[in-house]
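Observations on the model geometry
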Amino acid sequence: MRLACWSWGGRHHAGVVSPCGRELTPLALADASRGALPLIQALSRGEGLPPAVGPRIPVEAVTLRAPLPRPLRSLFCAGRNYREHAAELADTVFREQLPERDAWPIVFTKLPETVVGPYDDVRLPGRQASEQIDYESELAVIIGRGGRDIPRSRALEHVFGWTVVNDVSARDVQVRHQQWELGKSFDSFCPMGPWIVGIDALDARDTRVRGWVNGELRQDGRTKDMIFDIATLIETCSRGITLLPGDVIATGTPSGVGMGFKPPRWLKEGDVVRVEIDGIGAIENRFTASPAAAEG
Ligand code: MG
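Since we're looking at a predicted model, the values are computed, not measured. (Residues numbered from 1 in each chain as written. Predicted model: local features only at pLDDT ≥ 70, side-chain atom pairs only at ≥ 80, totals over all residues. Heavy atoms only, no water.)

Focus: the coordination of the magnesium ion
Looking at the magnesium ion, the protein donor atoms are E136 (OE), E138 (OE) and D167 (OD), and they sit 1.9 to 2.1 Å from it. Summarised as a motif, the one-chain spacing of the donors to the magnesium ion is E-x1-E-x28-D. Residue E138 is located in strand 11 (residues 137–143), and its partner D167 is located in the loop between strand 12 (159–166) and strand 13 (169–170); the two are separated by 29 residues in the primary sequence. Pair check on accessibility: E138 and D167 agree, each one buried. (Donors = N, O, S within 2.8 Å, 3.2 Å for Na, K, Ca; no water. Helix = DSSP H or I, 4+ residues; strand = E, 2+ residues; numbered from the N terminus. Buried < 20%, exposed > 50% of the residue type's maximum accessible area, 1.4 Å probe, protein only.)

Next up, the structure:
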């Protein structure tokens, strides 16, 4: 099963992607603004999906939105979870000891308001806020059945599916504040999509994650090379915390981020970053100048 969220005819819709990936079937939802979230919640309660409303529509005819345009709460994110990525940052300000298999994963959060669509622009925050904007190509886990203290051995039973995110990061801000949330949470800093692929359709424990900047392949890794695997991340995040249907866990990025180059290669206005995961699809986002100061 694949769930998508889109705009068409001036309205938001959520529904099912056809097996060929070229058509969308809208489902009956009182409020489609939260995308696939109410669908995942209904399935977690043991209910079926709501009925279709209207005919199938070609994907090219719509504007895809993030499948979870506004997650329930902050996204859980694993930091430095691929060995080669940890190594590439060993000469940077993140020079602490490389994580070992018996250590604990780094987990931080990213505000839910960071999420934008799979082809939306990402707004650079302006030099006064950060001069070191970086990309991170990542697999994100979408929780289906909630739970607390989920053991590794049962963790995949709690997965609804997977999507693609770019965990856009302001490195100088990350470092400045010790905690990573500010540097990870600028507006529009979490492109997501193009849809959610259910665990029934993809075992993402070994799939390819790639990232390009302006057509240049920068990241090319496999999820099997995570230091802390998907089950361990779910076990970790659910220790004493009840995970909810629709929660998102971003699983970390392979090597090849801008910070790992000497000198670093920060993103600039006009750059286009593409993130693709085999079995899910691709997102592609242009980095644009920030508009004038926004009103809340
Ligand atoms: Mg990350």
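Section: unusual backbone geometry
The linkage connecting G193 with the following residue, P194, adopts the cis geometry, with an omega of -5°. Tracing the chain through its elements places P194 in strand 14 (residues 190–198). The peptide bond linking K262 to P263 adopts the cis configuration, its omega dihedral lying at -5°. Looking at where P263 falls in the secondary structure, it is placed in the loop between strand 17 (248–250) and strand 18 (272–277).

Description of the domain arrangement of the chain
Per the domain assignment, the segments of the chain are domain 1 (2–65) and domain 2 (75–295). In this structure, domain 1 and domain 2 have C-alpha centres spaced 25 Å apart. Summing both partners gives a buried area of about 1,100 Å² for domain 1 against domain 2, and 75% of it is carried by carbon and sulfur. When the area that domain 1 buries against domain 2 is broken down by residue, the three leading residues are R2, I40 and L64, summing to 47%. Joining domain 1 to domain 2, the criterion identifies 0 salt bridges. (Domains from an automatic or database assignment. Buried area = accessible area lost by both parts, 1.4 Å probe. Salt bridge = Lys/Arg side-chain N within 4 Å of Asp/Glu carboxyl O.)

Side note on the environment of P118
Turning to its location among the elements, P118 is positioned in the loop between strand 8 (115–116) and strand 9 (122–123). P118 sits in the buried class, given a relative accessible area of 0%. Contacts of P118, omitting those with residues within four sequence positions, involve L64, R65, A66, M192, G193, P194, I283, E284 and N285. (Contact = heavy atoms within 4.5 Å.)

Quick notes on the sheet that holds strand 9
The strand order 9-19-18-15-16 describes an open sheet built from 5 strands, whose pairing is mixed. Of all the strands in the sheet, the pair left with one neighbour each is strand 9 and strand 16 (216–222). As judged from the 6 bridges shared by strand 15 (residues 208–213) and strand 16, these two strands associate in the antiparallel manner. Bridged to G211 within strand 16 is Q219. (Pairing = 2+ DSSP bridges.)

Some points on empty space enclosed by the protein
Within the structure shown, the criterion is met by 1 cavity of 30 Å³ or more. Of the volumes computed, that of the largest cavity is approximately 80 Å³. (1 Å grid on protein atoms, 1.4 Å probe; cavity = no way out; pocket = protein on both sides within 12 Å on 5 of 7 lines; lining within 4 Å. Points joined across faces, edges and corners; volume = space filled by probe spheres on them.)

Some remarks on the packing of aromatic side chains
The description of an aromatic ring pair uses the distance of the two centres, along with the angle that the planes make with each other. Per the stated rule, a full pass over the model turns up 2 aromatic pairs. Both rings, one in F108 and one in W180, keep their centres 5.1 Å apart while their planes meet at 55°; by these two values the pair is tilted. Within this pair, whereas F108 is found in strand 7 (residues 106–110), its partner W180 is found in the loop between helix 3 (171–176) and helix 4 (181–184), the two being separated by 72 residues in sequence. Of the two residues, F108 and W180, both sit in the buried class. Arranged with centres 5.3 Å apart and planes meeting at 80°, the rings of F186 and F189 form a pair that is edge-to-face. Positioned over the ring face of F261 is R265, at 4.8 Å from the centre of the ring. Directly above the aromatic system of W212 lies the positively charged group of R274, at a separation of 5.7 Å from the ring centroid. (Phe/Tyr/Trp six-rings, centres within 6.5 Å; stacked < 30°, edge-to-face > 60°. Lys NZ or Arg CZ within 6 Å of the ring centre and 35° of its normal.)

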